[in-house]
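Descriptive structure summary
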Amino acid sequence: MEFTFGSLQHDIPESFLIPIEEIRLATRDFSPETRIVDGEFSMVYRGQLSKQWENRTAAFKRLDHNHENITPLIGYCDQGNEMIIVSEFATNGSLDYHLLDPDKSFCLTWAQRMNICMGAAKGLEYLHWENRAVIHRDMKSSSILLDNNLDTKICGFGLSLLVNGNQPQIYQRPTGTQFYIDPFYKESGMVTTASDVYSFGIVLFEMLSEMLKIAYRCVSTNVDNRPFMNRIIKRIQEAQDFQNQGSAYSITTRSLDTYQIPLNEINLATGNFNPQTLIGEGGFGAVYKGQLSQSLQNCTVGIKCLNPQGYQGKKEFHAEINLISRFHHPNIIPFVGYCDEQNQMIIVYQYAINRSLD
């Protein structure tokens, strides 16, 4: 019997083949009671083989062929000279689709970027498992699919190689995608799991400028300096923990139109800009204190009316509200909304009870 993966071919003597029925009988159909090791990528069971195998007590390692960060294979077809692979559909397409589109890239939050990188790192760690390492050889942003939750699914195994534990490196004609391909592999023809680490480092550069240090190590020309995937996972986890600790800070992708406040609402809140509600003024314009209606949660607000004769025109006004509407932080006064009806330029903030420091 022989099996092929990528361009490697392995011969296994038929005498070593044990039928699945024999294994199910020995392990009582993989009963939890016979399980002796519960590993990350495999489970080990204890059982007794039949007389054909001399009633020997054996350990049965059952590999987990599925991983949450690998695109699930549904099936294939090779009839009529066809070569068709059927896999689960990724609702949000590939990562490069998001990175190449400025609008979509801007909408990827820091937390989402880290989660995507973590998923890809865990998928590669699973592929690089020491007893039967799979070298992807074409790791890139287009090989990372995103499901409806933006969770990572690694795909694109057409160039992949399967290597066993006593063959950590092999020589193959360099192949892959320009820019992502490991220069050491390209020059020497020797491919290892470190070649995937280099390619993953390029993806990190594309995704996270804040993680340049680990990305630089991934793309080191010295293969020995490239970290293992477990070290990369640890670094991303540290970044995720930092993000969670600072979760009070966020960038929203909420549409600007949803922040619009009708002018009649502003007039009602300020008593038609009654001088008694005026709390500040300057070259920029005037600030009024008011209370919005129940539809806007009876919020007490500061209403900043920009001077139409000032330096800020409509273009600058919309640029400002587009920016401040995106950021939320405990040390930045909350943006409530705006009004641009009848040539008005009004910005509405949550009212600060103790006003300004000066």
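Please refer to the structure placed before this passage.
Report on the accompanying structure. (Residues numbered from 1 in each chain as written. Predicted model: local features only at pLDDT ≥ 70, side-chain atom pairs only at ≥ 80, totals over all residues. Heavy atoms only, no water.)

1. Topic: helix α6 (residues 193-207)
Between its terminal C-alpha atoms α6 stretches 21 Å, which fits the 21 Å expected from 15 residues at 1.5 Å a residue. The complete set of buried residues in α6 reads Ala194, Ser195, Asp196, Val197, Tyr198, Ser199, Phe200, Gly201, Ile202, Val203, Leu204 and Met207. Its side-chain oxygen 3.1 Å from the backbone nitrogen of Ala194, Thr192 forms the N-cap of α6. (Helix = DSSP H or I, 4+ residues; strand = E, 2+ residues; numbered from the N terminus. Expected span 1.5 Å × (residues − 1). Buried < 20%, exposed > 50% of the residue type's maximum accessible area, 1.4 Å probe, protein only. Polar contact = N/O pair within 3.5 Å; in protein donor to acceptor, adjacent residues only side chain to side chain.)

2. Some details on the sheet that holds strand β20 (residues 346-350)
Strand order in this open sheet of five strands is β15-β16-β17-β20-β19, and the pairing throughout is antiparallel. Of all the strands in the sheet, the pair left with one neighbour each is β15 (278-282) and β19 (335-339). On average, each strand axis in the sheet is inclined to that of its neighbour by 20°, with strand direction left out of account. Pairing geometry for strand β16 (residues 285-291) and strand β17 (residues 300-306), over seven bridges, is antiparallel. If you follow Gly285 over to β17, its bridge partner there is Leu306. Contacts from helix α9 (residues 263-270) reach β16, β17, β19 and β20, with the element oriented near 80° to β16. Across the face of the sheet, helix α10 (residues 314-324) comes into contact with β17, β19 and β20 while running at roughly 25° to β20. (Pairing = 2+ DSSP bridges. Axes fitted to C-alpha atoms, helices over the stretch in contact; angles between N-to-C directions. Contact = heavy atoms within 4.5 Å.)

3. Concerning the pattern of salt bridges
Using the criterion set out here, one finds four salt bridges in the structure. Between Arg226 and Asp182 there is a salt bridge, with its nearest N and O atoms 2.6 Å apart. Linking Arg226 in the loop between α7 (212-218) and α8 (229-245) with Asp182 in the loop between β12 (170-171) and α5 (183-188), this pair joins segments that are 44 residues apart in sequence. Neither residue differs from the other here; Arg226 and Asp182 are each classed as buried. (Salt bridge = Lys/Arg side-chain N within 4 Å of Asp/Glu carboxyl O.)

4. A closer look at helix α4 (residues 110-127)
For α4, spanning 18 residues, the distance from its first C-alpha to its last is 26 Å, which sits close to the expected 26 Å at 1.5 Å a residue. Counting buried positions over the 18 residues of α4 gives 13, a clear majority of the element.

5. Some words on the nonpolar core
Ranked by internal contacts, the top residues of the largest apolar core, which has 38 residues, are Leu95, Ile144, Phe200, Leu204, Met207 and Ile232. For this core, the secondary structure elements donating two or more residues are α2 (95-100), α4, β9 (144-146), α6, α7 and α8. Broken down by element, the residue count for this core peaks at nine residues, all from α4. If sequence neighbours within four positions are ignored, Leu204 has contacts with Cys117, Ile214, Ala215 and Cys218. Counting 14 residues, the second-largest nonpolar core is a separate cluster that includes Leu292, Ile303, Cys305 and Val348. (Core = buried A, V, L, I, M, F, W, Y, C linked by side-chain atoms within 4.5 Å.)

6. Notes on the pairing of strand β8 (residues 132-135)
Residues Arg132 and Val134 line one face of β8 and the alternating positions Ala133 and Ile135 line the opposite face, and both faces are buried. Pairing analysis gives four bridges linking β8 to strand β11 (residues 161-164), with the strands arranged antiparallel. Bridging from a neighbouring strand, Ala133 pairs with Val163 of β11.

7. A look at a positive patch on the surface
Residues Lys213, Arg217, Arg231 and Lys234 make up a contiguous surface patch of positive charge. Contributing elements (two or more residues each) for the positive patch: α7 and α8. If you trace the backbone, Arg217 turns up in helix α7. (Patch = residues over 30% accessible without salt bridge, like charges linked within 9 Å, V, L, I, M, F, W, Y side chains within 5 Å. Areas by Shrake-Rupley, 256 points an atom, 1.4 Å probe, with all protein chains shown as cover. Lys, Arg positive; Asp, Glu negative; His and termini not counted. Charge placed at Lys NZ, Arg CZ, Asp CG, Glu CD.)

8. Points about unusual backbone geometry
One non-glycine residue with positive phi stands out, namely Asp29, at about 60°. You can see Asp29 is positioned in the loop between α1 (20-26) and β3 (35-38). Take Asp29: its relative accessible area is 47%, and that puts it in the partly exposed class. At Glu54, a residue that is not glycine, the phi angle is positive and equals roughly 60°. As for its placement among the helices and strands, Glu54 is situated in the loop between β4 (42-48) and β5 (57-63). Under the relative-accessibility criterion, Glu54 is labelled exposed at 63%.

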